[in-house]
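Inside the fold
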Amino acid sequence: SGTTEPSPVDADGDGWASDEDCDDDDPLVHPDAVEVCNGKDDNCDGLVDDADPAIVGQGTFYADADGDGFGDLTAAVLACEAPDGYVTDASDCFDSNPEVHPGAEEVCGDGLDNDCDGTPADCLLDGTWDLSELASTVLGADDPECLELLALGDLGSCPVSGASMVSSSLGGQDLDGDGRPDLLVHSSWRSVNLVVPLDAESGLLEEQASAWLSYDNVPTGGPSCRTAGRCKGFWLSRAIGDWNGDGFQDLAVANATGYDDEYLGYVDRNVVAASLGPFSGEVDLAPDTALLVGKDIDGLGETAWGYVEMAMTAVPSTSGEGDVLVIGAYSSSPPLTSASGSVYLVADPMQSSTDLDRDADAVWYSDDLDRYLGSKVASLGDTDGDGVAEIIAFTDQQHDDETPVRAWVVDSSDRGLMRINDLATAVLFSPNGSGTSYWTPFPTRQDFDGDGLIDIAIGDPKSSLGGVDYSGSVYILQGPISGEVELKDDAWARFDGENPYCYFGQMADVGTLVHPGRVSLAISGIGRHSAGAEVCTDPARVATWYEPQAGTWTESTADLRIDMRIGWDSAPDGRTSPALLSHAQVDGVMTMVLGMGEAGEDPDGNDVPGFIALAPLPGW
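Residues numbered from 1 in each chain as written. Predicted model: local features only at pLDDT ≥ 70, side-chain atom pairs only at ≥ 80, totals over all residues. Heavy atoms only, no water.

Some remarks on the overall build of the chain
Spelled out, the test is: Put simply, DSSP marks the helices as runs of H or I at least four residues long and the strands as runs of E at least two long, and each gets a number from the N terminus on. Burial classes: relative accessible area under 20% of the type maximum marks a residue as buried, over 50% as exposed, and values in between as partly exposed (1.4 Å probe, protein chains only). In what follows, residue pairs with any heavy atoms lying within 4.5 Å of each other are defined as contacts. All accessible-area figures derive from a Shrake-Rupley calculation using a 1.4 Å probe, and residue coverage is judged against the displayed protein chains alone.
From N to C terminus, the chain includes seven helices and 40 strands. Across the 620 residues in the chain, those meeting the buried criterion constitute 53%. Across the chain, every contact between residues at least 6 apart in sequence was considered, and the portion connecting residues at least 24 apart equals 52%. Counting every atom, the chain has about 25300 Å² of accessible surface; 48% of that belongs to carbon and sulfur.

Structure below.
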């Protein structure tokens with residue numbers, strides 16, 4: 001009856017007959033199978049492994065362009081086997097350099113994160129160094145006339161860049177508008193403020209200045225001016241902020257004895273002048289922008305407060321339309337009190353005023369138990385996270401043995417005539433209630449403990465808590481700062497000096513000195529000073545902790561210590577007070593900015609005036 005074809009069979013029992021199953025000997029191969037990496041056409045579509053877009057279970061491989069065995073996470077492919085030039089390790093942080101990969105040796109100063117651990121060029125300078133070994137730039141004393149006075153031994157009359165040489169622009173703001181960081185430096189002999197670019201060449205300060213700031217364009221002074229206490233110009237205190245909100249840094253400066261044409265000469269009153277930047281060339285801090293603080297002493301008797309020393313800072317306004325000028329006047333006699341001091345907030349410093357008690361936006365005063373309120377003021381930033389910056393204001397005298405020196409933390413949004421004791425969100429007081437009168441606030445705007453809130457640093461140069469007389473201490477307080485805070489017991493960390501009468505904690509600098517992810521703390525003391533029974537015998541020194549931790553630490557535990565010497569040791573009877581301590585990026589390199597007042601004698605016995613030195617630090 002004719003021929004027949006044999007019926008298809010399913011030899012592997014996978015449910016597919018041999019006419020549809022491309023491998024009837026393998027039950028895992030059939031049209032409904034999943035294509036996997038095994039060198040077979042699992043789903044019978046004619047495509048094997050990577051050639052089949054339906055494949056699953058491929059591995060991930062990463063391009064290794066530099067052939068160091070470590071791949072680039074951003075250049076990944078899926079494949080059954082690693083293609084040429086691909087590896088399974090995706091931890092290379094710089095795939096164009098075979099010397100950069102996990103486990104590689106870190107190379108100092110090349111700007112690369114050689115071992116890919118997230119800390120580029122982590123070669124931190126440590127140990128004890130002389131500044132002369134580190135300084136890249138040294139800016140010395142100013143004009144030849146002053147140097148002649150020094151040659152005659154008249155050091156006390158001409159500390160040209162001496163103890164009042166202070167930078168208000170910590171971190172290096174741009175004051176002359178050229179886009180580069182500057183310092184504001186005081187020349188006390190001439191009673192002028194100098195704007196000095198931080199990338200200046202070594203030389204004399206006045207020759208390197210981009211701007212000279214003086215009052216009434218009269219850069220005069222000299223020993224008679226300093227002795228009489230009537231210097232044209234401003235030297236006592238300075239604050240940098242953006243008064244008009246135009247994006248340029250502005251300046252306010254003060255003098256303990258002011259000068260104003262309205263009174264036809266010198267008057268016994270304090271004068272604060274606010275001026276708008278940028279500044280270049282010879283700049284007159286014009287009288288018509290002056291805030292005259294104080295009253296003419298004639299006929300006022302004990303109520304006069306003409307000689308009012310000032311402290312100033314700037315704080316961001318709550319409106320965001322420019323900074324607020326904060327003035328501490330510790331010898332003032334505000335309403336309701338007698339010479340207890342006060343703090344003024346001026347929202348528009350460019351609005352001339354003759355009476356801050358009347359015209360300031362806020363006047364905070366204290367009672368008679370807390371003397372000299374406003375001896376120091378500082379903007380702390382927003383330590384409690386409420387969107388408003390806090391201000392800290394200090395007293396500077398202990399009224400009796402039972403009342404310690406105190407400081408108040410107040411929201412900068414508070415306005416009007418108010419008793420600071422009623423406003424304060426926190427009250428800080430001295431460790432033992434005995435004569436701590438030199439407290440110094442160092443606003444940090446940094447988070448030491450990693451909780452997301454700003455912490456603050458307070459210097460106590462006369463502290464003896466470390467067991468050594470007047471060796472000094474610095475306290476770190478955790479934000480938010482609230483309630484009653486006793487520094488000794490409530491500090492998150494304390495850093496003690498180890499040398500008697502060296503006043504460790506006179507200045508401190510806080511910031512990301514070495515690496516953006518690390519908060520550093522640098523602290524200075526005064527070093528050798530006038531001979532006597534109570535004398536510091538060590539040179540001035542700056543001690544730096546790269547990542548401060550909770551606890552109590554002594555100066556010798558610092559990661560880096562720099563003795564403030566430029567090729568010579570300080571004479572035992574020469575003041576060597578560090579008057580400047582800050583940091584800034586200079587030409588892309590994080591640099592410590594260190595200053596000295598009167599630096600003693602050189603090896604030939606010649607008096608050495610003050611200086612500013614820039615010390616670039618590797619590892620950032």
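Thoughts on a nonpolar patch on the surface
For clarity, the cut-off: Think of a patch as exposed residues, more than 30% relative accessible area, with no salt bridge, where like charges cluster within 9 Å and nonpolar side chains (Val, Leu, Ile, Met, Phe, Trp, Tyr) cluster within 5 Å. Salt-bridge detection follows one rule: a side-chain nitrogen of Lys or Arg within 4 Å of a carboxyl oxygen of Asp or Glu.
Residues Val34, Val36 and Val56 make up a contiguous nonpolar surface patch of roughly 210 Å² in combined accessible area. Within the secondary structure, valine 36 is located in the segment before β1 (59-63). Given the relative accessible area of 30%, valine 36 is considered partly exposed.

A look at the sheet that holds strand β8 (residues 203-204)
To be explicit about the condition: Strands pair, by our definition, only if DSSP identifies at least two bridges between them.
In spatial order, the strands read β8-β5-β40-β39-β38; together these five strands make up an open sheet with mixed pairing. Two strands lie at the open edges of the sheet, namely β8 and β38 (580-586), each paired on one side alone. Summarising the sheet, strand β39 (residues 589-596) and strand β40 (residues 611-616) pair through six bridges and their orientation is antiparallel. Pairing of leucine 594 across the sheet is with alanine 613, part of β40.

Structural notes on the state of the cysteines
Our working rule: We call a pair of cysteine sulfur atoms a disulfide whenever their separation is within 2.5 Å.
For the structure shown, the criterion picks out four disulfides. Note on cysteine connectivity: cysteine 93 is disulfide-linked to cysteine 116, with sulfurs 2.1 Å apart. Handedness of the cysteine 93-cysteine 116 disulfide follows from its S-S torsion of about -85°: it is left-handed. With cysteine 93 in the loop between β3 (86-87) and β4 (127-130) and cysteine 116 in the loop between β3 and β4, this pair connects stretches of sequence that are 23 residues apart. With a sulfur-sulfur separation of 1.8 Å, cysteine 502 is cross-linked through a disulfide to cysteine 536. Taking the sign of the S-S torsion, 85° for the link of cysteine 502 and cysteine 536, the bridge is right-handed.

Some thoughts on the pairing of strand β29 (residues 455-460)
By the criterion of burial, β29 is predominantly enclosed, with six of the six residues buried. As judged from the five bridges shared by β29 and strand β30 (residues 473-477), these two strands associate in the antiparallel manner. Note that in β30 the partner of glycine 459 across the bridge is valine 474.

Considering the environment of serine 319
Looking at the element boundaries, serine 319 is found in the loop between β17 (310-316) and β18 (323-329). Taking C-alpha positions, serine 319 is 9.9 Å from serine 413, a pair spaced 94 residues apart along the chain.

Brief notes about the pattern of salt bridges
In the structure shown here, the tally under the stated rule is nine salt bridges. With a shortest N-O distance of 2.7 Å, arginine 180 and aspartate 178 are connected by a salt bridge. Given a relative accessible area of 33%, aspartate 178 falls into the partly exposed group. If you follow the salt bridges from partner to partner, you end up with Asp178, Arg180 and Asp199 in one network.

Looking at the sheet that holds strand β22 (residues 376-381)
The condition is simple: Only the stretch in contact is used when fitting a helix axis, every axis being a line fitted to C-alpha atoms; angles between N-to-C directions are given from 0 to 180 degrees.
Strand order in this open sheet of five strands is β22-β23-β25-β27-β31, and the pairing throughout is mixed. The sheet is open, and its two edges are formed by β22 and β31 (483-486), each paired on a single side. Pairwise comparison of adjacent strand axes, ignoring direction, gives a mean angle of 20° for this sheet. Here strand β23 (residues 390-394) pairs with strand β25 (residues 406-411) via five bridges, running antiparallel. Bridge pairing in β25 places isoleucine 392 opposite valine 409.

Focus: the packing of aromatic side chains
Our working rule: Between 30 and 60 degrees the pair is tilted, below 30 it is stacked and above 60 it is edge-to-face, where a pair is any two Phe, Tyr or Trp rings, Trp via its six-membered ring, whose centres lie within 6.5 Å.
Inspection of every chain in the model, using the stated rule, returns four aromatic pairs. Measuring from ring centre to ring centre gives 6.3 Å for phenylalanine 448 and tryptophan 492, while their planes differ by 40°; the resulting arrangement is tilted. Taken together, the residues phenylalanine 448 in the loop between β28 (440-446) and β29 and tryptophan 492 in the loop between α7 (487-490) and β32 (493-496) connect sequence positions 44 residues apart. Residue phenylalanine 448 is classed as buried on the basis of its relative accessible area of 10%. Take tryptophan 492: its relative accessible area is 16%, and that puts it in the buried class. When the centroid spacing of 5.4 Å and the interplanar angle of 25° are considered together, the rings of tyrosine 470 and tyrosine 501 count as stacked.

Overview of the environment of threonine 88
Assignment of secondary structure puts threonine 88 in the loop between β3 and β4. Taking relative accessible area as the criterion, threonine 88 reaches 60% and is therefore assigned exposed. Distance in space between the C-alpha atoms of threonine 88 and tyrosine 62 is 6.1 Å, their sequence separation being 26 residues.

Quick word on the side chain of aspartate 323
Looking at where aspartate 323 falls in the secondary structure, it is placed in strand β18. If sequence neighbours within four positions are ignored, aspartate 323 has contacts with Gly241, Asp242, Trp243, Ala314, Val315, Pro316, Ser317 and Ala347.

Observations concerning unusual backbone geometry
Residue proline 278 is bonded to the preceding glycine 277 through a cis peptide linkage, with omega at 5°. Tracing the backbone through its elements, the reader meets proline 278 in the loop between β14 (270-275) and β15 (281-284). Backbone torsion omega between glycine 479 and proline 480 reads 0°, so that peptide bond is classified as cis. In this structure, proline 480 sits in the loop between β30 and β31. Even without being a glycine, tyrosine 470 presents a positive backbone phi close to 50°.

Topic: the nonpolar core
Our working definition: Note on terminology: a nonpolar core comprises buried Ala, Val, Leu, Ile, Met, Phe, Trp, Tyr and Cys residues joined through side-chain atoms within 4.5 Å.
In terms of nonpolar packing, the biggest core is built from 21 residues, with Leu131, Val542, Ile562, Met564, Leu581, Met592 and Leu594 touching the most fellow members. Broken down by secondary-structure element, the contributors of at least two residues to this core are α1 (131-134), β37 (560-563), β39 and β40. Counting residues per element, this core draws most heavily on β39, at four residues. Beyond its immediate sequence surroundings of up to four residues, leucine 594 is in contact with Leu131, Val542, Ile562, Met564, Leu580, Leu581, Phe611, Ile612 and Ala613. Membership of the second largest hydrophobic core comes to 18 residues, among which are Ala311, Val324, Trp364 and Ile391.

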